[in-house]
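Below are the chains, spelled out letter by letter.
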Amino acid sequence: MHERLGKNPERDEGVTPAETRAPALASSIGNRAMTRLAREPAPRAALAGLASVIGNRAMAHLARERDRLPPSPALALRTSLRTAERQILSRDLMKHHYVWKGKFQMNMKTQKNPGAKSGLMGTVTFKPDQTGGDSTKIRLFQAVRLEDLTTNKEYVWTGADAPRTAMQTAADAKKGIDPGWWIDINPAGLSKRTKKSDPRISSYYRDYWPNAANSKDGSKKGTSIAEASLWDYPGWNQNCRFSFETVAKAVDTGEIYGTVQWGFTISDAAKGVVDNEYERGRGGPTATTRQALKNLNEYYGNPGASTAPKK
Amino acid sequence: MDDDVRRAIAALDDGADPMHLDQTPAVRELVGMGLRAVEPLTTPLLADEQDTRLHAQRAWEGIVYARHGFVSGQGFPDDAAESAAVADLSAVGYSFEDGRAEREAAVRRLSEWLARAER
């Protein structure tokens, strides 16, 4: 499943907004190439060629910057690309990502609050396509990780949230499992199952935070398709790194439609600096996310787990 | 206003969950208090601070969810229950992101909703 997507990176990683390609181009071609561009006998033609690489919006941005810059084409181009790079230091996650059987749309906006809590707020939405199986209920769950960059260790959850730490994945290089991930649930008020008749502890996000005004469950019946979404607001007032893998799954059939990986770093909480944002689509959950889900089921003794009550 | 409601309102912004900054221990307490917490929530619903309004909104929403059978970790009992909760929220139409005039209008509708709910 992943290999199929791996052969088609355009589809795997989704459409990249033009603005984000400009700094990528700058960093990839380097100063020497920039110098060659400046020496190009027909700089207009060279710039026109850029459009196919960085897109029309980035070209428009370059044109605006050129109007305000000294006449040197090399200096103008280099400075404008640097300007674009600065602008994305703190950026929203707003791309869409075609995955195995549908499309994720990110709509997470940066909340920059110097000296207070900064993070990202918004929605993650999944729309199945025609290749996906029908389902009466398509829902999202997500594996998450929070690293405290002050201690360079996993954030330690205590009190009612202690199960988040207890459920975390342990590193296993052979299995490709990263440490510190758990399924994003609210453990407050939950108990481990002690009787077979006890209800299953859900892994689905909206069973804890329905945020019904801003998110919903999805479905698919033939061409009748409803999106599934969640509303989230991770953030902190300490330097830290947030990582997520959001999974779209049919509750009734168990079919996985795809996942989106995303995250960000609060690198200078005092100044409200949110950076190193990323987002990418995948065909299916990583081994880490699968292990995190297994850990949840084992921790609470869900049906099918080795810890599930027999009576 | 009961003392426990007053204490929870005063602590509304304290100890937000880093994974979910809209959630605080006081939000959860207020949800558990049910309808008696709704009228006191109208003050933070009109607060100047966005996060305070967001926490108050989550508390009011949680009260509505619970009235329609929502249980954390289990969700709503069925789609009809969720639809009924959404109908209540839509009837009030409050959003912490709205301007002051819209929020004031929503809070008036919330008072009307509360009067109906308490009958």
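Structure: see above.
Values in this document were obtained by computation on a predicted structure and should not be read as measured data.

**Student:** Before we go on, may I ask you to explain the interface of chain B and chain A in this structure?
**Tutor:** Reports of interface size often rely on the accessible area that becomes lost once the parts have come together. Each partner contributes residues to the interface: chain B has 28 residues there, and chain A has 35 residues. The largest contributions to the chain B side of the interface with chain A come from Pro18, Met19 and Leu21 of chain B, which together make up 27% of the buried area. Linking chain B with chain A are 3 salt bridges. Asp17 of chain B is the salt-bridge partner of Arg164 of chain A, the closest N and O atoms lying 2.8 Å from each other. Only helix 4 (50-67) and helix 5 (79-92) of chain B provide two or more residues apiece to the side of chain B that touches chain A. With 6 residues, helix 4 of chain B is the largest single contributor of residues to the side of chain B that touches chain A.

**Student:** For this particular structure, what's the right way to read helix 6 (residues 100-118) of chain B?
**Tutor:** An α-helix turns once every 3.6 residues. As a result, residues three or four positions apart point the same way. End to end, helix 6 of chain B covers 27 Å across 19 residues, agreeing with the expected 27 Å (1.5 Å per residue, within 8%). Looking at helix 6 of chain B, one finds that the buried residues are Arg103, Ala105, Ala106, Val107, Leu110, Trp113, Leu114 and Ala117 of chain B.

**Student:** Honestly, empty space enclosed by the protein in this entry has me stumped. Any pointers?
**Tutor:** Empty pockets left among the atoms are what a rolling probe the size of a water molecule brings to light. Residue and element names in this part refer to chain A. The final tally for this structure, using the stated rule, is 2 cavities of 30 Å³ or more. Taken as a whole, the second largest cavity holds about 30 Å³ of empty space. Lining the second largest cavity are Ile138, Arg139, Leu140, Arg206, Lys216, Asp217, Ala228 and Ser229. Contributions of two or more residues to the lining of the second largest cavity are made by strand 4 (135-148) and strand 9 (228-232).

**Student:** Would you mind going over the packing of helix 4 of chain B against helix 5 of chain B with me for this structure?
**Tutor:** For any two helices packed against each other, one specifies the crossing angle of their axes together with the interaxial distance. Residues and elements named next belong to chain B. Across the interface, helix 4 lies against helix 5 with an axial gap of 9 Å and an inter-helix angle of 140°. For the crossing formed where helix 4 meets helix 5, the hand is right-handed. On the side of helix 4, the interface is formed by Trp60, Glu61, Val64 and Tyr65, while helix 5 contributes Ala85, Asp88, Leu89 and Val92. For the contact of helix 4 with helix 5, the residue count by class is 6 nonpolar, no polar and 2 charged.

**Student:** Honestly, the environment of Asp275 of chain A in this entry has me stumped. Any pointers?
**Tutor:** Residue and element names in this part refer to chain A. When you line up the elements, Asp275 lands in strand 13 (residues 273-282). For Asp275, a relative accessible area of 14% puts it in the buried group. With 20 residues separating them along the chain, Asp275 and Asn295 place their C-alpha atoms 30 Å apart.

**Student:** Got a minute to help me understand the environment of Pro114 of chain A in this structure?
**Tutor:** All names here are of chain A. With respect to the element layout, Pro114 can be found in the loop between strand 2 (102-111) and strand 3 (118-128). Along the sequence, Pro114 and Ser203 sit 89 residues apart, while their C-alpha atoms lie 34 Å from each other. Look past the residues within four positions of Pro114 in its chain and what remains in contact with it is Ala269, Ala270, Lys271 and Gly272.

**Student:** Which parts of the structure should I look at to understand unusual backbone geometry?
**Tutor:** The bulk of non-glycine residues show a negative phi, and the bulk of peptide bonds are trans. Residue and element names in this part refer to chain A. With a phi angle near 35°, Asn211 is a residue other than glycine that sits in the positive phi range. One can find Asn211 in the loop between strand 6 (182-183) and strand 7 (218-221). Taking the relative accessible area as the measure of exposure, Asn211 reaches 2% and is therefore buried. Positioned with a positive phi, Asn276 is a non-glycine residue whose angle comes to about 55°. Within the fold, Asn276 resides in strand 13. Taking the relative accessible area as the measure of exposure, Asn276 reaches 54% and is therefore exposed.

**Student:** Any chance you could explain the pairing of strand 7 of chain A here in plain terms?
**Tutor:** Side chains on a regular strand alternate between the two faces of the sheet. All names here are of chain A. Across the two faces of strand 7 the burial differs, with Gly218 and Lys220 buried and Ser219 and Lys221 not buried at all. In the sheet, strand 4 pairs with strand 7 via 2 bridges, with the strands oriented antiparallel. Bridge pairing links Ile138 to Gly218 in strand 7. Strand direction decides the pairing type here: strand 7 and strand 8 (residues 224-226), joined by 3 bridges, are antiparallel.

**Student:** Help me understand helix 2 (residues 25-33) of chain B, please; the structure alone is not making it clear to me.
**Tutor:** Residues and elements named next belong to chain B. Taken together, the buried positions of helix 2 are occupied by Ala26, Val27, Leu30 and Met33. An end-on view of helix 2 places all buried positions within 120° of arc, on one side of the element. On its buried face, helix 2 is in contact with helix 1 (3-10), helix 3 (38-45) and helix 4. A positive backbone phi angle near 75° is found at Gly34, which sits one or two residues after helix 2.

What counts, and where the lines are drawn
- Residues numbered from 1 in each chain as written.
- Chains lettered and ligands numbered in written order.
- Predicted model: local features only at pLDDT ≥ 70, side-chain atom pairs only at ≥ 80, totals over all residues.
- Heavy atoms only, no water.
- Contact = heavy atoms within 4.5 Å.
- Buried area = accessible area lost by both parts, 1.4 Å probe.
- Salt bridge = Lys/Arg side-chain N within 4 Å of Asp/Glu carboxyl O.
- Helix = DSSP H or I, 4+ residues; strand = E, 2+ residues; numbered from the N terminus.
- Expected span 1.5 Å × (residues − 1).
- Buried < 20%, exposed > 50% of the residue type's maximum accessible area, 1.4 Å probe, protein only.
- 1 Å grid on protein atoms, 1.4 Å probe; cavity = no way out; pocket = protein on both sides within 12 Å on 5 of 7 lines; lining within 4 Å.
- Points joined across faces, edges and corners; volume = space filled by probe spheres on them.
- Axes fitted to C-alpha atoms, helices over the stretch in contact; angles between N-to-C directions.
- Left-handed = near helix turned anticlockwise from the far one by under 90°.
- Nonpolar A, V, L, I, M, F, W, Y, C, P; charged D, E, K, R; others polar.
- Pairing = 2+ DSSP bridges.
- Arc of directions from axis to C-beta.

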